[in-house]
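# Inside the fold
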Amino acid sequence: MAAPIDRMGLLFLTLLPVLFSIAGAVDRSNFKTCDQSAFCKRQRDVKPGQSPYRALLETMQLSDSRLTLQLINDNNKVRLLLELYRLKGNMTRVKINELKPLKPRYEVPDVLIKDPPTEPLSVLDQDENGVVFSLGVDDQRVIINARPFRLDIVEGTKVLLSLNSRGLLVFEHLRLRKDTSSETDTEESKDAVGESVAEKGEAGVEVQEEEEHPGMWEESFKSHTDTKPNGASSISLDFSFPGVGHVYGIPEHADSLKLKSTEGGDPYRLYNLDVFQYELYNPMALYGAVPVLLSHSVERTMGIFWLNAAETWVDISSSTVTQGDSEVPETGVRWISESGIIDVFIMLGPHPTDVFSQYASLTGTQSLPPLAALAYHQCRWNYNDQEDVKAVDGGFDEHDIPYDFIWLDIEHTDGKRYFTWEPNKFAQPRQMLQNLKDKRRKMVTIVDPHIKVDSGYKIHNEIRSKDFYIKNKDGGDYEGWCWPGNAGYPDFTNPEMRAWWASMFAYDQYEGSMDNLYTWNDMNEPSVFNGPEVTMHKDARHGSWEHRDVHNLYGFYVQMATAEGQIQRSGGVERPFVLTRAFFAGSQRYGAVWTGDNAAEWGHLKMSIPMCLSLGLVGISFCGADVGGFFKSPSEELLVRWYQTGAYQPFFRAHAHLDTPRREPWLFGPDNTALIREAVRQRYALLPYWYQLFYNAHRTGQPVMRPLWVEYPEDAATFAVEDEFLLGKDLLVHPVTDERSQGVTAYLPGDGELWYDVHTHKKHQGNLNLYIPVTMSSIPVFQRGGSIISRKDRVRRSSSCMEDDPYTLYVAVNAQGTAEGELYIDDGHTFNFEKQKQFIHRRLTFSEGTLTSSNLSPDSQFTTVSWVEKVVFMGVTKPNAATLTTDNGTESPLEFEFDAGAELLTLRKPGVNAGADWTIQLR
């Protein structure tokens, strides 16, 4: 029973200073370690090399694309069913479930975009010890060893990876508790228990029940008790990668890009949590969980997608093994989840781009955001009222700093009732939104998934009347404390609830909303201030499933429903923009994420790079960190450096805590204002390139922001680099992230590559460490030789104001004197690019002195008034003449300037339409 509101409100107000003071750091005691998590401790206590599981080869059944095989645990005689699928695109799927579970075990829905297409499996060899199957690609085979059960994927004579090679497969079966069973149990339930728990051994001998361990039926953490009516149900499986010394992924953690060995410490934890003021270089769980891991060596890139939404821990081990006459590294990865089944996709690469494509084929690609969402966002908790919004908006114009979105946090609502406006401070929301729209700007408001329990609140009344709230273990509506005080939590796993939620974004439902209002989903882990680990009790109910089964999916579903609401309100025409804090595999389909409640510290600025790189590796390209840090107050130097870094990260938003001093960009003196203005303007000039990268991410699944090793997979010097990154393959960025820095050392990869400083146009060789002296205005950025990048150098007050402006093409030639690039243009905000093929996609090539624009999509239809006003060539010699040839064959000379010292050629006013065919020849 929830506490009465008056008493609860008093306790809530008492708690707030403890929970949300901006001093101090995370209280680790609020969050479990592996030793405090009963299933993690049990699984970690299992010793390697003693696997009780063997494959019953006589049970094997093989259809064209599916193998089934029973496994038996020789200690308790419980049988499991293994399913093996060969998937199109060089992937293998392995599923393991109980053969006859007491009741169904949870299998994750809605994350896969479709049933993955399969390809035929065939038996190559079989005897009493095992069986060999062909995967049909490059002499790839699956070898199943019977006793103990082990599965290897090999190519030729080389083992690519192994399952259960360390014998850490554990599958805790559902059971009835003996001390709660009664003599009235039905024969049917007794039969089920008999089959799943106490089968007779092969010799007909009853097997003794397993020893029970603490926490199998009930466990406590602080004042909270978690009940488990069918006992422990955790699962575990180990994978070994011989020849691999580097693994990445499994975000979200505030830790290095390369995953570290967890031996001697806690595993990496995947359990969406509201972690207040998180620590750096720590495997603790944070707001989101994507159970995808990539392995990489100079020879191959592979991936593992562990499709399980329960609390999960991932152990990483490092060792060496003998291959031939040499010792090579080996990385072990062990997944441990609290419930559900083993459902794992093995992505066999072999190249990084292949793994990205393979994963995208399973869970989808990054949605193409409205172009404006790639521009600059101004946010804080909270802009006080409409006058404050108007003043901040005007301040950007007064100081000539562009921005596209202004954000309102929880204080804009009527008493933390979402879909409402504070009646005194935001009395005329439509007028406020129209004022922004007149300047071609937009707004985001926060809509969190905890709903104030208040009989006078329409949203609460409708959810309760439709019975859409999550239930507690006793069947009543689950209630907990969050920003409104006592709150209910809608069951977003219910598609009917999601459809209703989406309908609330209609303009006639969300009063005061307009088409330039977008949405921020925060606190959707879900955050429950008085719950265990500041989240929901695991024995809460989502229909027939426990919250423990679905926990990491909750934020995924909230963002899904919100994005669908934005799409529906426009009749399916307009693209949504939704920012979420909690996420899961597949969240890339619904919008953007950010790294949560960071702090105004240099370490957090540094950490924003590996955190976003890790997300990009697992499909979520639209990532950013709160510029300036959410907690605490940045120094002027840190604030400037953060703007300079954020301008080159995918999601670019400044945000700050309620208790911090105001920090709009013009409040730190004219010098710092100028530095911030320049950083923001660099972002706006590059928006055509950003948009093209997001279009390619949407089309192919390739990340926007990439570690160097993705493009230089055979260069071991790149494998652990996390202080610089690539945007696409053509821009390398090394932000300044150290206090009072006088210089940075950037690694410029690629033997034979050329890199051009985008500010000075100076040319540098690849495959070297370059020391770069820096001042406060420095943002070290390099364009790869061999690339062509499109910019819009006429920066205006918002991206929409630049829609028809001309392009400047920056052509950086490589050592062979060639370059290539792309230009993508559409209307910037609708789905017409997909539904009606309304877009322009141009291929730009430079070779043998000729620059050509050709059509990459002849069947698309779109027109633009934008034209090419300038072409800048880097690394060329002075021509005698430059000639433009248009698509109708007309030739005309072009004016040009040449800087011999910089090898820089500038052609002015070619004047050709950006969507047309044309050629420029240098003679």
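Structure shown above.
An account of the accompanying structure is given in this report. All figures in this text were calculated on a predicted structure; none of them were measured in a lab. (Residues numbered from 1 in each chain as written. Predicted model: local features only at pLDDT ≥ 70, side-chain atom pairs only at ≥ 80, totals over all residues. Heavy atoms only, no water.)

## What to know about unusual backbone geometry
Where we set the bar: Starting at the N terminus, helices and strands are each numbered in turn, a helix being any DSSP run of H or I of at least four residues and a strand any DSSP run of E of at least two. Burial here depends on accessible area, computed with a 1.4 Å probe over protein chains only, as a share of the maximum for the residue type. Under 20% is buried, over 50% is exposed, and the range in between is partly exposed.
Look at the link from Pro251 to Glu252: it is a cis peptide, with omega at 25°. Examined against the element boundaries, Glu252 turns out to sit in the loop between strand E15 (246-249) and strand E16 (268-270). Pro526 follows Glu525 through a cis peptide bond whose omega is 10°. Tracing the sequence through the fold places Pro526 in the loop between strand E28 (517-521) and strand E29 (541-542). In this model, Phe419 sits at a positive phi of 70°, which is unusual for a non-glycine residue. Its place among the elements puts Phe419 in the loop between strand E23 (405-408) and helix H6 (429-438). The buried category is assigned to Phe419, whose relative accessible area is 7%.

## Some points on the environment of Arg548
Defined as follows: Note on contacts: a residue pair qualifies if any of its non-hydrogen atoms lie within 4.5 Å across the two residues. What qualifies as a polar contact is a pair of N or O atoms within 3.5 Å, subject to a donor-acceptor requirement within protein and to the restriction that residues adjacent in sequence count only when both atoms come from side chains.
Counting through the fold element by element, Arg548 comes out in helix H9 (residues 547-550). On the basis of relative accessible area, Arg548 is assigned to the buried category, the value being 4%. C-alpha of Arg548 to C-alpha of His537: the two residues are 11 residues apart in sequence and 8.0 Å apart in space. Aside from chain neighbours lying at most four places away, what touches Arg548 is Asp226, Thr227, Lys228, Ala310, Glu311, Glu338, Ser339, Lys538 and Asp539. Side-chain polar atoms of Arg548 contact the side chain of Glu546, separated by 2.8 Å.

## Remarks on the pattern of salt bridges
Selection criterion: Whenever a carboxyl oxygen of Asp or Glu lies within 4 Å of a side-chain nitrogen of Lys or Arg, that contact is scored as a salt bridge.
Counted by the stated rule, this structure contains 64 salt bridges. A single network of salt bridges, built from pairs that share partners, joins Asp226, Arg269, Glu311, Glu338, Glu533, Lys538, Glu546 and Arg548.

## Side note on helix H14 (residues 687-700)
Convention followed: Every helix has an expected span of 1.5 Å times one less than the residues it contains.
In this model H14 runs 20 Å from its N-terminal to its C-terminal C-alpha over 14 residues, within 8% of the 20 Å that 1.5 Å per residue would give. The element H14 is extensively covered by neighbouring structure, given that 12 of its 14 residues are classed as buried. Of all the positions in H14, only Leu687, Pro688, Tyr689, Trp690, Tyr691, Gln692, Leu693, Phe694, Tyr695, Asn696, Ala697 and His698 are classed as buried. Gly701 sits one or two residues past H14 and shows a positive phi near 85°.

## Side note on the side chain of Asp597
Along the polypeptide, Asp597 turns up in the loop between strand E32 (592-594) and helix H11 (602-617). Those residues in contact with Asp597, other than ones at most four positions away along the chain, are Asp274, Gln277, Tyr278, Tyr287, Arg581, Phe630 and Phe631.

## Focus: the state of the cysteines
Counted only if it meets this: We call a pair of cysteine sulfur atoms a disulfide whenever their separation is within 2.5 Å.
Tallied over the full model, the rule gives 2 disulfides. At a sulfur-sulfur separation of 2.0 Å, the disulfide partner of Cys34 is Cys40. Disulfide Cys34-Cys40: torsion about the S-S bond near -100°, hence left-handed. For the pair Cys34 and Cys40, a shared accessibility class is recorded, and that class is buried. If one numbers only the bonded cysteines of the protein chain, in the order they occur, the disulfide pattern is 1-2, 3-4. No disulfide involves Cys482; its sulfur sits 17 Å from that of Cys379, the nearest cysteine.

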